[in-house]
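Given next are the chains, with one letter for each unit.
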Amino acid sequence: MYNVAIVGATGAVGEEFLRVLEEYNFPIKKLVPLASARSVGKEVEFKDKTLKVKELTCEVFEEEEIDIAFFSAGGSVSAKFAPCAAEAGAVVIDNTSYFRMDPDVPLVVPEVNPEDIKLWKKKGIIANPNCSTIQMVISLAPLHKEFGIKRVDVATYQAVSGAGKKGMEELIEQMRALFNFKLDKKVEEREVFPWQIALNVIPHIDKFMDGGWTREELKMVNETNKIMHSNIEVAPTCVRVPVLRSHSEAITIYCEKEVSVEKAREVLANFEDIKVIDNPEKNEYPMPVIATDTDYVYVGRIRKDLYEDNVLHFFNVADQLRVGAATNAVRIALKWIEIEGEAFLKDKYGK
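Remember, predicted model here, so these are calculated numbers, not experimental data.

What counts, and where the lines are drawn
Residues numbered from 1 in each chain as written. Predicted model: local features only at pLDDT ≥ 70, side-chain atom pairs only at ≥ 80, totals over all residues. Heavy atoms only, no water. Helix = DSSP H or I, 4+ residues; strand = E, 2+ residues; numbered from the N terminus. Expected span 1.5 Å × (residues − 1). Buried < 20%, exposed > 50% of the residue type's maximum accessible area, 1.4 Å probe, protein only. Arc of directions from axis to C-beta. Pairing = 2+ DSSP bridges. Axes fitted to C-alpha atoms, helices over the stretch in contact; angles between N-to-C directions. Contact = heavy atoms within 4.5 Å. Disulfide = S-S within 2.5 Å. Polar contact = N/O pair within 3.5 Å; in protein donor to acceptor, adjacent residues only side chain to side chain. Phe/Tyr/Trp six-rings, centres within 6.5 Å; stacked < 30°, edge-to-face > 60°. Lys NZ or Arg CZ within 6 Å of the ring centre and 35° of its normal. 1 Å grid on protein atoms, 1.4 Å probe; cavity = no way out; pocket = protein on both sides within 12 Å on 5 of 7 lines; lining within 4 Å. Points joined across faces, edges and corners; volume = space filled by probe spheres on them.

Draft legend 1. Geometry of helix H5 (residues 165-179). Given a rise of 1.5 Å per residue, 15 residues ought to cover 21 Å, and the 21 Å separating the end C-alpha atoms of H5 matches this to within 8%. Within the span of H5, buried status applies to Gly167, Glu170, Leu171, Gln174 and Ala177. Buried residues along H5 cover an arc of 130° about the axis, so they all sit on one side. A positive backbone phi angle near 60° is found at phenylalanine 181, which sits one or two residues after H5.

Below, the structure is given as structure tokens:
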């Protein structure tokens, strides 16, 4: 049993952590919800118990004898407090982008590269990838093994919950204003997105970088190859859409071998945590309403290119608060327990 802390317990992902830990019957001895000083005293629910949020400090990890610390409160928070948690003897599973490309920090999707978890001792930290990267690499992994992927072109359709609670609230308020014929005022009051998100799509997520790529897009490029230990060319276009929850991706892969739709369906269906929904005759394909509040990557619209025998197109959808954040982090922790847990407890407590 482990003493577990959730940093950012009152945020959208923090709330998912609480749900996922309970659903997965995580071996918790004590759960400590942590947040900034302004959230101290707020309450969260876990297993029919009400827990008060404590202030995040460097000292709290040692005081509470934390073994596993889930971080999801922003990169600056992780930069300051994750090393404190690790120094206090906890394994940190960080959901921000801060440590992802650190060569001494493993970046893990358990279905794809579980062996990298063993590298956690270098800094005591394991990084959780970007939400869009996670669902993409889960679907790429079996196809890469089968066909040898050389290049990926991907367009994402990312839900507003990817921008946190405030992103969801902004869409809801704009939709409410739209139906009350008061949208102009709500658009002027927007805080999260650069343009109206209600009944609109915005081809812009995160900051623009050199060459016209956004930071979100470059995350997908760099993280994919770190996770898959590959040199795959990745060209993303990341788009925000007026969907509350669950990201979608239209993916094209260019392969070393000739592709087969039947074989692609087979290897995808047999891969861990993928569900294939691909029956166009019955209008059955992945959609956000199917993926929301589940722990699977849904793949469909699988089709061979019209011109090239080595090119395959498909569509995938996953709940980015779960598969793309909380569930992946909890799966990392469970795999870490399987690989390292017994030795960790013995070293720390003499058990």
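Draft legend 2. Just the pairing of strand S14 (residues 311-318), in detail. The buried count for S14 comes to seven of eight residues, which makes it a mostly enclosed element. Relative to S14, strand S11 (residues 247-255) is paired through eight bridges, and the arrangement is antiparallel. In the strand pairing of S14, tyrosine 254 is matched with valine 311. Two strands pair when backbone bridges link them, and strand S13 (residues 297-304) and S14 are joined in this way by five bridges, in the antiparallel orientation. Within S14, the position partnered with valine 299 by the bridge is asparagine 316. Connecting the antiparallel pair S13 and S14 is a turn made up of six residues.

Draft legend 3. Inspection of the sheet that holds strand S10 (residues 233-240) at higher detail. Across the sheet, six strands lie side by side as S10-S9-S11-S14-S13-S12; this open sheet has mixed pairing. In the strand order of this sheet, the two ends are held by S10 and strand S12 (274-276), each with one partner. Across the sheet, the mean angle from the axis of one strand to that of its neighbour is 20°, orientation sign disregarded. Across the face of the sheet, helix H4 (residues 131-147) comes into contact with strand S9 (149-158), S10, S11, S12, S13 and S14 while running at roughly 30° to S11. Most of the contacts of helix H8 (residues 261-269) go to S13, to which it runs at about 170°, and overall it touches S12, S13 and S14.

Draft legend 4. Region of interest: the state of the cysteines. For the structure on display, the rule yields one disulfide. Put simply, cysteine 58 and cysteine 84 are joined by a disulfide, and their sulfur atoms are 1.9 Å apart. With the S-S bond torsion at 45°, the cross-link from cysteine 58 to cysteine 84 turns out right-handed. Pair noted here: cysteine 58 is in the loop between strand S5 (54-55) and helix H2 (60-63) and cysteine 84 is in helix H3 (residues 75-87), with a separation of 26 residues, a long-range link. On the accessibility criterion, cysteine 58 (26% relative accessible area) is partly exposed. The exposure class of cysteine 84 is buried, given its relative accessible area of 17%. Lacking any disulfide linkage, cysteine 131 is separated from the closest cysteine sulfur, that of cysteine 238, by 8.9 Å. When its relative accessible area of 0% is taken as the criterion, cysteine 238 is described as buried.

Draft legend 5. Spatial organisation of the pairing of S10. Counting buried positions along S10 yields six of eight residues, so the element is predominantly enclosed. In the sheet, S9 pairs with S10 via eight bridges, with the strands oriented parallel. Its bridge partner lying in S10, threonine 156 is registered against cysteine 238.

Draft legend 6. Highlighting the side chain of serine 139. With respect to the helices and strands, serine 139 occurs in helix H4. Since its relative accessible area comes to 0%, serine 139 is described here as buried. From its side chain, serine 139 meets the backbone oxygen of methionine 136 in a polar contact 2.8 Å long. Once you skip the residues sitting within four places of it in the chain, serine 139 turns out to touch Ile251, Leu268, Ile274, Val299, Phe314 and Asn316.

Draft legend 7. Focus on the packing of aromatic side chains. Under the definition given, this model contains ten aromatic pairs. For the pair phenylalanine 26 and phenylalanine 70, a centre-to-centre distance of 6.2 Å together with 70° between the ring planes defines the contact as edge-to-face. Taken as a pair, phenylalanine 26 in the loop between helix H1 (12-23) and strand S2 (28-35) and phenylalanine 70 in strand S6 (residues 68-71) lie far apart in primary sequence, 44 residues in all. On the basis of an interplanar angle of 65° and a centroid distance of 6.2 Å, the ring pair of tryptophan 120 and phenylalanine 344 is categorised as edge-to-face. Pair noted here: tryptophan 120 is in the loop between strand S7 (91-94) and strand S8 (125-127) and phenylalanine 344 is in helix H10 (residues 322-349), with a separation of 224 residues, a long-range link. For lysine 275, the ring lying beneath its charged end belongs to tyrosine 296, and the centroid distance is 4.4 Å.

Draft legend 8. Representation of the environment of histidine 144 in the model. Inspection of the secondary structure puts histidine 144 in helix H4. Put simply, histidine 144 and alanine 325 are 181 residues apart on the chain and 23 Å apart in space, counted from C-alpha to C-alpha. In this structure histidine 144 touches Ile149, Met228 and Ile232, once residues within four positions along its chain are discounted.

Draft legend 9. Quick look at the layout of surface pockets. As a volume, the largest pocket reaches approximately 1,500 Å³. Lining of the largest pocket is provided by 49 residues; of these, Ala73, Gly74, Gly162, Ala163 and Gly164 occupy positions nearest its centre. Looking at the lining of the largest pocket, the elements with two or more residues in it are H1, H3, H5, helix H7 (215-228) and H10.

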